[in-house]
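Coordinates in review
Now for the letters of each chain:
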Amino acid sequence: MNQSEREKAMTLLAHQPAFIYRLRFSRSGSLSFIGHLDLMRTFERSLRRAGFPLLHSQGYNPRPMLVFALPLGVGISTTDDYVDVSLAEARDIMEVMAGLQNALPDGLRILDGWPVPETGGSIMAMVTAARYRLQAQQIFPALQRLFLRSEVTVEKRSKGQLRMLDIRPLMLALEHGETENENEAIVLVCAGSHENLRPDLLLQALTAFEDFPLQEAANCGVERSGLYAGTYPDLKCFKEMI
Amino acid sequence: MNRTNKYAPVVLERGDLLSVENPARYTGGEWGITIKQEVLDEIQRTGETKYIRYAFCFPDIYEIGMSNLAVRILYHVLNQCPDVWCERAFSPWKDMDRLMREKYIPLFSLESKTSLRDFDILGFSLQYEMCYTNVLQMLDLSGIPLRSCDRGEDDPIITAGGPVVYNIEPMTDFLDLVMIGEGEEMIVEFMAEMKKYKDSKKTGQPMTRETFLQNAAKIEGVYIPAFYDVSYQEDGTIREVKPNRPGIPAKIRKRVILDMDLAPYPTQSIVPNTKIVHDRAYLELFRGCIRGCRFCQAGFVYRPVREKSAKVLCEQGIEIEKATGYDELGMLSLSTSDYSELPGLTDRLLSAFDGHHTSLSLPSMRVDSFSLELTEKVSETRKSGLTFAPEAGTQRLRDVINKGITEEDIMTSLALAFEGGWSSVKLYFMLGLPTETLEDVIGIADLVRKIEKLYFEVGRKTGQRMRRLEMTVSTSMFIPKPFTPFQWERQNTMDEFVQKQQILRDRLRSKNIKYIWHDLDTSVWEVVIARGDRRLGPVLLEGYLAGHIFDAWDDCFSLGKWMTVLEKHGLKSDFYAIRARTPEEVFPWDHIDCGVRKDFLLRERERAYAEQTTPSCREHCEGCGAAGFGGGVCYESK
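Residues numbered from 1 in each chain as written. Chains lettered and ligands numbered in written order. Predicted model: local features only at pLDDT ≥ 70, side-chain atom pairs only at ≥ 80, totals over all residues. Heavy atoms only, no water.

Focus: helix α19 (residues 559-568) of chain B
All names here are of chain B. Within α19, burial applies to Leu-559, Trp-562, Met-563, Val-565 and Leu-566. The buried residues of α19 occupy an angular sector of 165 degrees when the element is viewed end-on, so they sit on one face. For α19, exposure combined with an orientation more than 90 degrees from the buried face picks out Thr-564, Glu-567 and Lys-568. Along its buried surface, α19 packs onto α6 (132-142), α16 (494-507), α17 (520-530), α18 (536-545) and α20 (573-577). Two residues or fewer past α19, Gly-570 is found with a positive phi of approximately 70 degrees. (Buried < 20%, exposed > 50% of the residue type's maximum accessible area, 1.4 Å probe, protein only. Helix = DSSP H or I, 4+ residues; strand = E, 2+ residues; numbered from the N terminus. Arc of directions from axis to C-beta. Contact = heavy atoms within 4.5 Å.)

Notes on the pairing of strand β17 (residues 470-477) of chain B
Residue and element names in this part refer to chain B. Note that strand β16 (residues 424-431) and β17 share eight bridges and pair parallel. Its bridge partner lying in β17, Leu-427 is registered against Val-473. In terms of handedness, the path from β16 via helix α15 (residues 438-462) over to β17 forms a crossover that is right-handed. As defined by bridge partners, β17 adjoins strand β18 (residues 513-517) across five bridges and the pair is classed as parallel. Considered in β18, the bridge of Thr-472 is made with Lys-514. Regarding topology, α16 serves as the crossover connection from β17 to the parallel β18, and that connection is right-handed. (Pairing = 2+ DSSP bridges. Right-handed = clockwise from strand over helix to strand, strands pointing away.)

Description of the interface of chain B and chain A
The partner chain A presents 33 residues to the 35 residues of chain B that form the contact. The contact between chain B and chain A buries some 2,500 Å² in all, and 48% of this surface belongs to carbon and sulfur atoms. Contact with chain A buries surface across chain B, with Arg14(B), Trp31(B) and Asn273(B) losing the most and accounting together for 28% of the total. Joining chain B to chain A, the criterion identifies three salt bridges. The shortest N-O distance in the salt bridge between Asp327(B) and Arg63(A) comes to 3.6 Å. Our enumeration of links across chain B and chain A arrives at 17 residue pairs in polar contact (both at pLDDT 80 or more). (Buried area = accessible area lost by both parts, 1.4 Å probe. Salt bridge = Lys/Arg side-chain N within 4 Å of Asp/Glu carboxyl O. Polar contact = N/O pair within 3.5 Å; in protein donor to acceptor, adjacent residues only side chain to side chain.)

Considerations on the pattern of salt bridges
Residue and element names in this part refer to chain A. Applying the stated criterion across every chain, the model contains 64 salt bridges over all chains. Two residues, Asp-80 and Arg-24, come together in a salt bridge whose shortest N-O distance is 2.5 Å. Remark: Arg-24 occurs in strand β1 (residues 19-27) and Asp-80 occurs in strand β3 (residues 77-87); sequence separation between them is 56 residues. The same class applies to Asp-80 as to Arg-24, namely buried.

It is worth stressing that arrangement in space is one thing and function is another; only the former is reported here.
Here is the structure:
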């Protein structure tokens, strides 16, 4: 097969009905330290262990059809993330959730799930904002000061190149955590394929502008605690879309 | 040494983990690991445990170590023992090594994050010589005395096993106990002794380390280096290796598993959370090799050939695929084509995996019409490259090394492959083989050019539109290894190697050919260690203390630095590498018995010089000695 034939084969998607299940999951502990590709592979293998009839992409190198809402960076835990799993046969949602849970390594938990229509649109395209819980000494006041600025320009490395980026428009809101102490902060930031603020960039800005200690920034606990669709301030929480 | 915080888990800060390459190397938590909660509970209650804590150590990074089948088999075997909890530890890469030293973080196990010095045993899996200083790194980071003679009654027992232990002499200063041969049964017997040793420590009369080692020495295959004295002749060769205690055997015989069908095999294997080098599930088709290529150590030390039946393999394959979720199943052996039930096995597995998107990988195949068809059948994706290992460029030299492959074989198979649409070929050769002349080296270039021509001839003859031909020619340096018919041979000098490489570089200039040559420096050091004796112990120690670790990684290795250390200790690399041995010489490894007799190896060497080949074990038994184990191919038709 030559190059063009190969491309043709890849784009020729034989139409097979897909049964899509949206699963809400959390990750913690050692599983927080793997990258996005490793997380995808881990889900893939877990689904195979669970014995589900995974739907594969067509063409040259068929891959199971798994779509994650938003990649999770290395070192970030989550209590509210989503993956769409496509199966070739309909299954009861409770069976999907329980079956997968039993096959997942420690640190990954299925929290909820529901079937979504095939025509529902890509879960990736829906994400517009994310909420992160940050834990470090005196992080709340430092973030408070950062939010008072009208411009926060940091160096961002993307595709091997450094460029300057004002992240202030991507910083949406700052809140206290449940305990209202100074060592915890909840931030709402732009997220998704269009505009995305990674929490490490926010921490970088703290060290650059607010004299936040490097050591504190490096060891700051970062947990994703919410994913949203819609336009700020009219955001819609993913978990309420069942 | 009394520590109040014994067994306390090592905690790594988030910032530390994020500052190193691939933190998943150090975090554990994979699917399929063994956590013996009862051990942790007992420690919480009493501060101690009656279980044997075994740290399975691999002296290279996680991604390499987890790709090794022995790690998985022995992890499984040990954790099946009711009194043992086996955990894993790997060499931290340089970034983590630095961080651990800076912050006084001890090396820990992945399962429970327990500091390695709190274990009863550290068992090292030694797969290649160049990992030796990483053993020292792991001991050092654990806070365990590096030399066996410096360890006290409370220090862990340090053991090793693996393919390189057939000559482990350079490492004997650092190892308390060595297991020679296949470990599945031996290690269980060893654990029984270990249990007595550990239990005695709670009584009024604790067993000493010395007594324990003497008891362990009674297990067949167990080698206690400290129980042997080595004396040298004036010319630096060995006079004699002799036991220095009563009741210690003069020779240590390797262990083999005779019934592969009954051998323990993990079907619920660990599935790493991060990508490793060989990221797939494995079946082990057989051990040993019927071929007897004269340069190949594995071909002799793993004798006799013992196959697992297709029935058992098929059951294991189906179970592994289900239990691990892997989408690729690799068939492991030294020469896959020689597995007697290969077509039946692959057919059954393929039909069992129908619709699963699971592929089979068949490495180490001889290329012929059968294997081409099979390769096409088993792989879901595109035609990857074909690999040939003629090893030598002329028929004369291929006969010398007993590589039972002719130019006609190669040409016929390649013509078939080219007609079938393959356009990428890899060819492996060795430089510096015994009796090699420049004519043989030129023969490599000639063979490569003939293959290049063949490709375009096939195109003309069949009228096919041919894709661009991609040929990769790779040469490695011949390393005379212990327990081969070439163990007496000299290695080529640097100058000879350079000259030979230059000849090939000049003759292989073509847009279709990519010529890759292995690092010369590494080969020189590898032969020194592979054929080395106990005098290399202090050299390795000093090299380690000077910071030489990860020698298996070309960009970490420096021959110059090692040569300086070697000379400082009054040793010369030429003595180990370039010097040819006489048949009378006592080798540093002569007290190890791998089952193949020295007189057979000498006979094979003479045949090599006479350019005579030796038939495979299945065609004719040459009486190498391996039949003494009482099983395998030696008894197949009897």
